[in-house]
Amino acid sequence: MSIEVSFYPQDIAFAEEGAIIFGITQDKKRILILDRLYVPYFLLPRENLLKLRDACRENNLQIAHTQYEGELTRVFVKPKDFVEVARTAKKISSKLYNSDIPLKKRYWVDKKVNPSTLCKVRGEVYSQMKYRADVAVNAEHIESANVAYQPSILAFDIETASEQAYPDAKKDPIIMIAFYSENTKRVITWKRFPSANPENVKFVDSEAALIEEFVQTIKDNRPELLVGYGSDNFDLPYLATRAKKYNIKLNSGWDDSEIEIDARKPAKITGLPSIDISYFARRILDLDTNNYGLDLVAKKLLGKGKLGKLGAAKINEIWSVGLDEELKFLSDYNLTDAQLTFEVANKILPVQLELSKLTGLALRDINYITYGALVEWFIIKNATILIPQKPSPAEIYARRKKSYVGGLVVEPRPGLYNDICCFDFRSLYPSIIASHNISPETINCLCCQFRGGYRAENSKVWFCSKKPGLMPALVKDLVERRKRINEILKQTPSNDASFAELMARQHALKYIAAAFYGYMGYPGSRFYSYECASGVTELGRKYIGLVIREAEKFGFKVLYGDTDSLFAETQGADAEKFLAIINSILPPPMELEFRAKYKSGLFLERKTGSGGAKKRYALLTEGGSLILRGLEAIRGDWSNLAKKGQTEILQILLEENDIEKAEKHLHSLISKIEKRDVKIEDLVINVKLTRPLETYQAQGPHVVAAKIARDKGQAVGRGFAVRYIVVAGGDKVSSRVKLAEDASIEDYDPEYYVNQQLLRATYKIFELFGYSLEKLKAGQTTLEGYGN
DNA sequence: TATCCCTACGATGTCG
DNA sequence: CGACATCGTAGG
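Residues numbered from 1 in each chain as written. Chains lettered and ligands numbered in written order. Predicted model: local features only at pLDDT ≥ 70, side-chain atom pairs only at ≥ 80, totals over all residues. Heavy atoms only, no water.

A.B. asks: I'd like a description of the overall build of chain A, backed by residues and values.
C.D. replies: Of the regular secondary structure elements, chain A holds 22 helices and 28 strands. Considered along the principal axes of its C-alpha atoms, chain A spans approximately 100 × 85 × 55 Å. Put simply, chain A has 788 residues, and 51% of those count as buried. For chain A, restricting intrachain contacts to residue pairs at least 6 apart in sequence, the fraction spanning at least 24 positions comes to 67%. Looking at chain A as shown, the accessible area adds up to about 37200 Å², and 49% of this sits on carbon and sulfur atoms. (Helix = DSSP H or I, 4+ residues; strand = E, 2+ residues; numbered from the N terminus. Buried < 20%, exposed > 50% of the residue type's maximum accessible area, 1.4 Å probe, protein only. Contact = heavy atoms within 4.5 Å. Areas by Shrake-Rupley, 256 points an atom, 1.4 Å probe, with all protein chains shown as cover.)

Now the structure itself:
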């Protein structure tokens, strides 16, 4: 029987016969689609074809057919032999295209089907036994129906007991599992408590029953997306270990296969996309947070966080003591985590779907993607040229050695200024790529050897000015589309139904456009080009330099500039006129914009050496809010005490220009520290380990503190956030650190917190007003000693 | 499946 | 003591 069905793709696998697509029909039936017709290809130089044929014959590998294309031959191979034939070809030919792209990913691009929309399949119904599907179709034709995809999400989260500081899957049981979806809001647990809301809490008799209930819930719920936060590294491996103990199979796959769990890889369920959204949050979202835990990420994205702070020890205590009220709280806490995971997933889903559309990758692949791969797949999907192979490790190594110069940073003029304006380029690097036709295949073209061509001043390289290159075409497309969307957005109220989607689209385009230049300079790139990447930055330096010189000529007093922006004292100059003139000079789509006006601003001097300190300044907006850049106050590795003090003093100066008031405030803070009138939390210094503990050469304070934590039995590895305070004692700071969790208010060293924290964060501000560090300290004694 | 680029500051340890 | 290396975090 021949049928035509619409479906949402869920997963793809490859078998002997061809591609197998797992889908959900609009009425929520499971459909299995067999695509025997998909025959991927690669290309190699024509002269290597005979050798390849011989090698294939020897190894019993089948080439479906071939096709000449100029110097190259397009070799078509069925999926079952593709990887082997491509590997064989690699041994024969150093030049090879489109050969090392995973089939699971390129399938959608090759078929020109978007995996995140409704699709249509036509074909014969057939019967199969392997998978639990409602219908199976032998496809004759597949296409996108271009109807947006809204997968139904099931989020989950587990809680465990923990005898020690951290749960150990070998010993400590799972005590609760929460699920959250549109119509399921449930906590499952195996300790009964009376005040449980029967609508939300389901009691089972044991941990084993709890795990069985986990599997059953997924089977019953039939979600189209299973979502966890940190689930690939914690929840699922933990579940796997516990399930093994009871001989329970986590067989949620369409073929009753178990969830594939390997702590190093994302968990995989046949047929059902499963994602750990912490990966996307960390790798793609630019959240301006140094911690990507669920609590902070939810706060950033949703404006609300976890129900409270429950450490492993507290959870263990609640469970072992078993008070009704506390168990109730724990189950609410667990459910809230699942709910936050659900809501965060829903929040980022629109962006993920847009990225899926732009790259041709399935949602699950998008969730785990890195910036490099994002750009790469955008290019692959839209490429009009051949796709080079990934560079070899040796090649990557060689590329890594060759660095190039980046953006121009102009030394600031230290001081406090009023009436400042800021100009910056709209998407500087993308617009340079577009305006100067920067692309690997436009370098040193013969047609522009003597006339034309875009050149950077000090470069022997030129880029063709006649034939548009691939990268500029793609970037132009991204930039123009984004500009159009932003124009529509300006006229769309934020509560409008289309607002979130437009925003997501705009963000998705931005992510890709912004990483384009970096991708060309990335050693692991298929389209790596030193000339392109260095050409982009060189032209960037040229244009910001030009704009700064012109601004000066125009009457602005330029105070500072960094890569694509400049800050200047207005001094009555006409910003509109200036922009008009500059933009008539700049090659489109390059464009200078007016970013903002500031009431006042302060640029600091360097602490070591002389001159203005780059990347460190404070501004006060017209609306009265304080903007800080690079300063201690916005760094994670300074105590709150110093950060707050610095912020308050800058506020006083920028708002009131009252140095004496600022000084008084500083001294009141100092005396508070000396009197121990502070909170421990405000003394804590927070540093993250960026490598395994044993690999450190220098024994800095955070390394010593981390070792203390490790000796206490904590899991201290890469990424561990060390929290310590400094106590009195020997001369090296590292010899007097104490873990924050063990510290009390008598422990800290006031001298360190005054001199190395508060004063270090503020004295450079006071120096701008004629104070010296000595005078600041002396002012304190005068105050205290009255008259001396 | 490895993680887009370079520029910059500053704290602290290490070594001669 | 000073020069330099190591390390983390930030800006764009």
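A.B. asks: Give a description of the protein's contact with DNA strand C that names residues and reports values.
C.D. replies: Close to DNA strand C lie 20 residues, the nearest being D564, Y617, I634, T690 and Y696. The side chain of D564 places a nitrogen or oxygen atom 2.2 Å from a sugar or linking oxygen of DNA strand C. H702 places a polar side-chain atom, nitrogen or oxygen, 3.4 Å from a phosphate oxygen of DNA strand C. At the level of elements, β24 (612-621) and β26 (685-688) are the ones that each hand at least two residues to the surface near DNA strand C. When the residues that make up the surface near DNA strand C are grouped by side-chain class, the tally is six nonpolar, six polar and eight charged. (Near = heavy atom within 4 Å. Polar contact = N/O pair within 3.5 Å; in protein donor to acceptor, adjacent residues only side chain to side chain. Nonpolar A, V, L, I, M, F, W, Y, C, P; charged D, E, K, R; others polar.)

A.B. asks: Before we move on, can you summarise the packing of aromatic side chains with the specific residues and values?
C.D. replies: Counted by the stated rule, this structure contains 39 aromatic pairs. Ring centres of F14 and Y38 lie 6.3 Å apart, and the angle between their planes is 40 degrees; on these two criteria the pair is classed as tilted. One end of the pair, F14, is in strand β1 (residues 2-15); the other, Y38, is in the loop between β3 (30-35) and β4 (41-45), with 24 residues separating them in the sequence. What makes Y38 buried here is its relative accessible area of 5%. (Phe/Tyr/Trp six-rings, centres within 6.5 Å; stacked < 30°, edge-to-face > 60°.)

A.B. asks: For the sheet that holds β3, give the residues involved together with the corresponding values.
C.D. replies: Backbone-to-backbone hydrogen bonds pair the strands of a sheet. The strands run either parallel or antiparallel. If you trace the five strands once around the closed barrel, you get β1-β2-β3-β8-β7, paired in mixed fashion. Going across the sheet, the axis of each strand differs from the next one's by a mean of 50 degrees, ignoring polarity. Alignment of strand β2 (residues 18-25) against β3, held across six bridges, turns out to be antiparallel. Its bridge partner being in β3, I24 is matched across the sheet by R30. On top of the sheet, helix α3 (residues 103-111) reaches β1, β2, β3 and β8 (135-148); it is set at about 145 degrees to β1, its chief contact. (Pairing = 2+ DSSP bridges. Axes fitted to C-alpha atoms, helices over the stretch in contact; angles between N-to-C directions.)

A.B. asks: Outline the pattern of salt bridges, listing residues and values.
C.D. replies: Summed over the entire model, instances satisfying the criterion amount to 49 salt bridges. Taking the shortest distance from any N to any O, the salt bridge between E213 and K202 comes out at 3.1 Å. Here K202 lies in strand β12 (residues 201-203) and E213 lies in helix α4 (residues 207-221), a separation of eleven residues in the sequence. Where R399 meets E395, a salt bridge forms, and the shortest distance between an N and an O atom there is 3.0 Å. Of this pair, R399 and E395 both sit in helix α12 (residues 393-401), four residues apart, which is roughly one turn of the helix. Judged by its relative accessible area of 13%, R399 is buried. Assessed through its relative accessible area of 35%, E395 is described here as partly exposed. (Salt bridge = Lys/Arg side-chain N within 4 Å of Asp/Glu carboxyl O.)

A.B. asks: Could you give an account of the pairing of β26, with specific residues and numbers?
C.D. replies: On β26, burial follows the alternation: I685 and V687 on one face are buried, whereas N686 and K688 on the facing-out side are not. Where β26 meets strand β27 (residues 721-726), four bridges bridge the pair, whose relative direction is antiparallel. From the neighbouring strand, K688 faces β27, where its bridge partner is A721.

A.B. asks: So what about the protein's contact with DNA strand B? Which residues, and what values?
C.D. replies: As a matter of local geometry, DNA strand B sits amid 33 residues, with G406, Y522, S734, Y752 and R760 nearest to it. Each atom of DNA strand B within 4 Å of the protein was assigned to sugar, phosphate or base; sugar and phosphate come to 88%. In the model, a phosphate oxygen of DNA strand B is placed 3.0 Å from a nitrogen or oxygen of the K614 side chain. Looking at the surface near DNA strand B, the elements that each hand over two or more residues are α11 (371-382), α15 (499-520), β24 and α21 (750-767). By residue class, the composition of the surface near DNA strand B is 13 nonpolar, twelve polar and eight charged.

A.B. asks: Kindly report on the sheet that holds strand β6 (residues 72-76), identifying the contributing residues and their values.
C.D. replies: Strand order in this open sheet of three strands is β4-β6-β5, and the pairing throughout is antiparallel. Where the open sheet ends on each side, the last strands, each with one partner, are β4 and β5 (65-69). The sheet shows a mean angle of 25 degrees between the axes of neighbouring strands, direction not considered. Summarising the sheet, β4 and β6 pair through five bridges and their orientation is antiparallel. Each bridged residue has a counterpart across the sheet, and for P45 the counterpart in β6 is L72.

A.B. asks: Lay out the pairing of strand β11 (residues 185-189) with the relevant residues and their values.
C.D. replies: In this sheet, β11 lies alongside strand β10 (residues 174-181) in antiparallel orientation, the contact comprising five bridges. Across the sheet, the residue bridging to Y180 is K185, located in β11. Across three bridges, β11 lies against β12 in parallel orientation. Looking at β12, one finds that V187 is bridged to V201.

A.B. asks: How would you explain unusual backbone geometry if you had to name every residue and give the values?
C.D. replies: With an omega dihedral of 5 degrees, the bond running from P588 to P589 counts as a cis peptide bond. Tracing the backbone shows P589 in the loop between α17 (575-585) and β23 (592-605). One non-glycine residue, K28, lies in positive phi territory at about 65 degrees. Take K28: it is sitting in the loop between β2 and β3. Even without being a glycine, K615 presents a positive backbone phi close to 60 degrees. Locating K615 in the fold gives a position in strand β24.

A.B. asks: Talk me through helix α20 (residues 701-711); I want residue IDs and the actual numbers.
C.D. replies: For α20, every residue scored as buried is listed here: H702, V703, A705, A706 and A709. Projection of α20 onto a plane perpendicular to its axis shows the buried side chains occupying an angular sector of 160 degrees, all on one side. Considering only its buried residues, α20 is in contact with β26, β27 and β28 (737-739). G713, located one to two residues past α20, shows a positive phi value of around 100 degrees. (Arc of directions from axis to C-beta.)

A.B. asks: Could you give an account of α3, naming the residues involved and the relevant values?
C.D. replies: Along α3, the residues classified as buried are L103, R106, Y107, W108 and V109. K112 lies just past α3 and shows a positive phi near 55 degrees.

A.B. asks: If you had to explain the environment of K707 to someone new, which residues and values would you point to?
C.D. replies: Residue placement: K707 occurs in helix α20. For the pair K707 and S231, spaced 476 residues apart in sequence, the C-alpha to C-alpha distance is 27 Å. Those residues in contact with K707 that sit more than four places away from it in its chain are L693 and Q699. Within the local environment of K707, its side chain forms a polar contact with the side chain of Q699, the two groups lying 2.8 Å apart.

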